[in-house]
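Structural description and commentary
Below, each chain spelled out in residue letters.
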Amino acid sequence: MAQRGADGRETWTSSTGFILAAIGSAVGLGNIWRFPGVAYENGGGAFLIPYLVALLTAGIPILFLDYAIGHRYRGAAPLAYRRMARPAETLGWFQIMLSFVIAVYYAAVIAWSLSYFVFAFDLRWGDDPRSFFLNDYLQVGDPELSTSLVAGVTIPLVLVWVAVLVVLALGVANGVQRVNIIFIPLLFVAFVGLVVRALTLEGAFAGLDEFFTPDWAALADANVWIAAYSQIFFSLSIAFGIMVTYASFQRRKANMTTSGLVVAFANSSFELLAGIGVFATLGFMAAQQNIAVGDLEGLTGPILSFVTFPAVISQMPGGNIFGVIFFGSLVLAGFTSIISILLGVAASVQEKFGLGQRASAVTVSAICAVLSLALFSTTSGLLALDTVDQWANNIGIVFSAIAMAILVIWVFRKGDVLRRHLNAVSTFKLGRWWVLLIGALAPLYLGWMLVQRVVVLITEGYEGLPQWYLNVFGWGMLGFVVVAAALLSAVPWRGRDNPDFRPWPALPEEPEPLARPDLPRQEETR
Ligand code: PFF
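The structure displayed is predicted, hence computed values, not measured ones.

1. Examining the site of the ligand
As a matter of local geometry, the ligand sits amid 15 residues, with A26, G30, Y106, F234 and I242 nearest to it. Taking N31, its side chain carries an N or O atom lying 3.3 Å from an oxygen atom of the ligand. A molecule is said to occupy a pocket when more than half its atoms come within 2 Å of that pocket's grid points, and by this definition the ligand occupies the largest cavity. Grouping the amino acids of the shell around the ligand by side-chain chemistry returns seven nonpolar, eight polar and no charged.

Next comes the structure, spelled out in structure tokens:
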């Protein structure tokens, strides 16, 4: 039986359940597929500096902010923001719509991984993994709005959506939590095994050298910093409304900040581990070809996982086992992340429209499934995916973080009450620096970076793609997110928004300059 809190809301059954689920959301394709390439492209070892700065100045503080909003106002993002301050509901929908867009393409990458998991058994990509991936598997065409479905992608994609639907329909504790309790330890063991194997390959250390050798000049480049911040946001799943939703299912008395530190630490450790594993493997490949690691081609983006890796796997003794574990890990990691996104979207729809849990799970999964089939299992999938990823993560999510900081701290002035909320329930206490960090540093700093990035994308375009294409999949996609957020918040609230909802613990909602940081604990009221 699912557990319910005093307000009837389903809860995770333990803090471990919550932490594993939050780690499951954070550790995903972003760690294995995105991080190594992004780090490599943006200064290698030197990237670790902006990365760590981003983690400490924005990653962990905004993770706490997400947790505080969800835990105090007990709703998926739109409801939680609405309870905090009515007009803020739109921000909740903006974040949820952005997540929705991510889910649509994220599922496609999980589907590719699922196919490659099967292909790895007999190294089906043959001698030319590039041509296999692009021509035989994806059947990539020109940048156009293609409608011809590719069967090899369609089947695994349908499987992914059916699995997501089943887990969501089972609910928070019996579905999502259970999947994470099984998958996350399994993923960890499999991946550690993989990295150990990679480190014993000939040339592994040359690969690590290449990965860690700092290019200090990169630190002067604004694009490198924005890449670090967006990697942190994407990787920790923050500013997407998803951690707001996860925290809303946490019991009232729960040590939130300490859990956040565990999650952030686990996520970054996994990310580094993935970087080490991937580059050790690339070192092996370079040694086989007798070239420097830096001269290898295809070290970033989907090509890294789906072309370069298969090529290495084919050359490795016992490569098929390595391949099966590698692609299996991608599937596990990706799946626990996509269910977090979908839970966020489904819970938002459920609360707003007063649907049942199953009905909203079915509706949302079906819409996402149709869209991802239409957009990403066609011959133009790869380009569309890359473009959407670029705009959603470098612009959409950075904008979301800035809007969140400005609205919560400056417009609705909830920084102090949220800080006191976290302190009342957690053992790791937050000082006023936390409010300051989010309210001042984040908007100024992130704002500056965002402007730089927008200017580059407007003046230089992206990857030489035609402008109309960027207008559809880049700017158009963001426009869709904004319009959808506005419309969804304009629809009258039909679900249960209990008018006598009272946040617990009872704290003055207005900022109180002299209030003591740690209020006496209060008993939970029914
Ligand atoms: N954090 C996930 C990853 O690193 O792959 C991706 C993700 C999950 C992004 C959930 C956003 C989100 F809301």
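There's more to say after this.
2. Examining empty space enclosed by the protein
Counted by the stated rule, this structure contains three cavities of 30 Å³ or more. Here the largest cavity defines a volume of roughly 120 Å³. Lining the largest cavity, in full, are S25, A26, G30, I102, Y106, F234, S237, F240, I242, S337, S340 and I341. When residues of the lining of the largest cavity are traced back to their parent elements, those giving at least two are helix 1 (15-26), helix 5 (89-121) and helix 14 (319-353). Sort the elements by how many residues they give to the lining of the largest cavity and helix 14 lands first, with three residues. Among the residues making up the lining of the largest cavity, the classes are represented as seven nonpolar, five polar and no charged. Of the volumes computed, that of the second largest cavity is approximately 50 Å³. Residue lining of the second largest cavity: F191, L194, V195, A198, G277, V278, T281, F309, F322 and F326, and that is the complete set. When residues of the lining of the second largest cavity are traced back to their parent elements, those giving at least two are helix 8 (172-199), helix 12 (256-289) and helix 14. Of the residues contributing to the lining of the second largest cavity, the split by class is eight nonpolar, two polar and no charged.

3. Considerations on helix 15 (residues 357-376)
Spanning 20 residues, helix 15 covers 27 Å between terminal C-alpha atoms, matching the ideal 28 Å at 1.5 Å per step. Of all the residues in helix 15, the buried ones are S360, A361, V364, S365, C368, A369, S372, L373 and F376. Elements in contact with the buried residues of helix 15: helix 5, helix 7 (151-170), helix 14 and helix 16 (381-411).

4. Some details on the nonpolar core
If you look at the biggest cluster of nonpolar residues, it comprises 198 residues, and the most contacted ones within it are W112 and F133. Among the elements that line this core, the one with the most residues is helix 5, at 22 residues. Filtering out sequence-adjacent residues up to four positions away, F133 remains in contact with W112, Y116, L138, Q139, I303, F306, V307 and L382.

5. Description of the confidence of the model for the protein
Taken as a whole, the protein shows an average pLDDT of 90; of its residues, 95% reach a score of 70 or greater. Overall, residues 522-526 carries pLDDT values under 50, and its contacts beyond four positions in sequence, including any with other chains, amount to 13 contacts.

6. Overview of the layout of surface pockets
Gaps between atoms show up when a probe of the same size as a water molecule is rolled over them. In this model, the largest pocket occupies a volume close to 930 Å³. Taken together, 36 residues form the lining of the largest pocket, with E41, D386, Q390, Y462 and E463 sitting closest to its centre. Elements with a contribution of two residues or more to the lining of the largest pocket: helix 2 (29-41), helix 10 (222-236), helix 13 (301-315), helix 16 and helix 18 (433-460). Looking at the lining of the largest pocket, the element that brings in the most residues is helix 16, giving eight residues. In the lining of the largest pocket, the residues fall into 17 nonpolar, eleven polar and eight charged. When its volume is computed, the second largest pocket comes out at roughly 790 Å³. Around the second largest pocket sit 34 residues that line it, and D7, G8, R9, E10 and R496 are the ones nearest its centre. Of all the elements in the fold, those that place two or more residues in the lining of the second largest pocket are helix 4 (77-84), helix 7, helix 8, helix 14 and helix 15. Per element, the largest residue contribution to the lining of the second largest pocket is five residues, and it comes from helix 14.

7. Some words on the packing of helix 7 against helix 8
When two helices pack together, their arrangement is given by the angle between the helix axes and by the axis-to-axis distance. One way to put it is that helix 7 packs onto helix 8 with a least axis distance of 5 Å and a crossing angle of 130 degrees. In this view, helix 7 runs oblique relative to helix 8, as classed from their interaxial angle. Across the interface between the two elements, V167, L168 and L170 from helix 7 touch V172, N174, G175, V176 and V179 from helix 8. Residues of the contact of helix 7 with helix 8, tallied by class, amount to six nonpolar, two polar and no charged.

8. A few points about the packing of helix 10 against helix 16
Following both chains from N to C, one finds helix 10 and helix 16 inclined at 70 degrees, their axes separated by 9 Å at the closest point. In terms of orientation, helix 10 lies roughly perpendicular with respect to helix 16. Side by side, helix 10 and helix 16 meet where I226, S230, F233 and F234 of the first sit next to N393, N394, I397, V398 and A401 of the second. The class makeup of the residues in the contact of helix 10 with helix 16 is six nonpolar, three polar and no charged.

9. Focus: the pattern of salt bridges
Counted according to the given criterion, the structure contains seven salt bridges. With its nearest N and O atoms 2.9 Å apart, the salt bridge here joins R9 to E351. Placement of the pair is R9 in the loop between strand 1 (3-4) and strand 2 (10-11) and E351 in helix 14, with a sequence separation of 342 residues. By the burial criterion, R9 is buried, and E351 matches it. For D416, the salt bridge goes to R420, with nearest N and O atoms at 3.2 Å.

10. Regarding the side chain of S489
Within the fold, S489 resides in helix 19 (residues 467-490). The class for S489 is buried, based on a relative accessible area of 17%. Separated by 2.6 Å, the side chain of S489 and the backbone oxygen of A485 make a polar contact. Setting aside its immediate chain neighbours within four residues, S489 contacts E89, T90, W93 and K352.

Conventions and cut-offs
- Residues numbered from 1 in each chain as written.
- Predicted model: local features only at pLDDT ≥ 70, side-chain atom pairs only at ≥ 80, totals over all residues.
- Heavy atoms only, no water.
- Near = heavy atom within 4 Å.
- Polar contact = N/O pair within 3.5 Å; in protein donor to acceptor, adjacent residues only side chain to side chain.
- 1 Å grid on protein atoms, 1.4 Å probe; cavity = no way out; pocket = protein on both sides within 12 Å on 5 of 7 lines; lining within 4 Å.
- Sits in = over half its atoms within 2 Å of the grid points.
- Nonpolar A, V, L, I, M, F, W, Y, C, P; charged D, E, K, R; others polar.
- Points joined across faces, edges and corners; volume = space filled by probe spheres on them.
- Helix = DSSP H or I, 4+ residues; strand = E, 2+ residues; numbered from the N terminus.
- Expected span 1.5 Å × (residues − 1).
- Buried < 20%, exposed > 50% of the residue type's maximum accessible area, 1.4 Å probe, protein only.
- Contact = heavy atoms within 4.5 Å.
- Core = buried A, V, L, I, M, F, W, Y, C linked by side-chain atoms within 4.5 Å.
- pLDDT = per-residue confidence, 0-100.
- Axes fitted to C-alpha atoms, helices over the stretch in contact; angles between N-to-C directions.
- Parallel < 35°, antiparallel > 145°, perpendicular 65-115°, else oblique.
- Salt bridge = Lys/Arg side-chain N within 4 Å of Asp/Glu carboxyl O.

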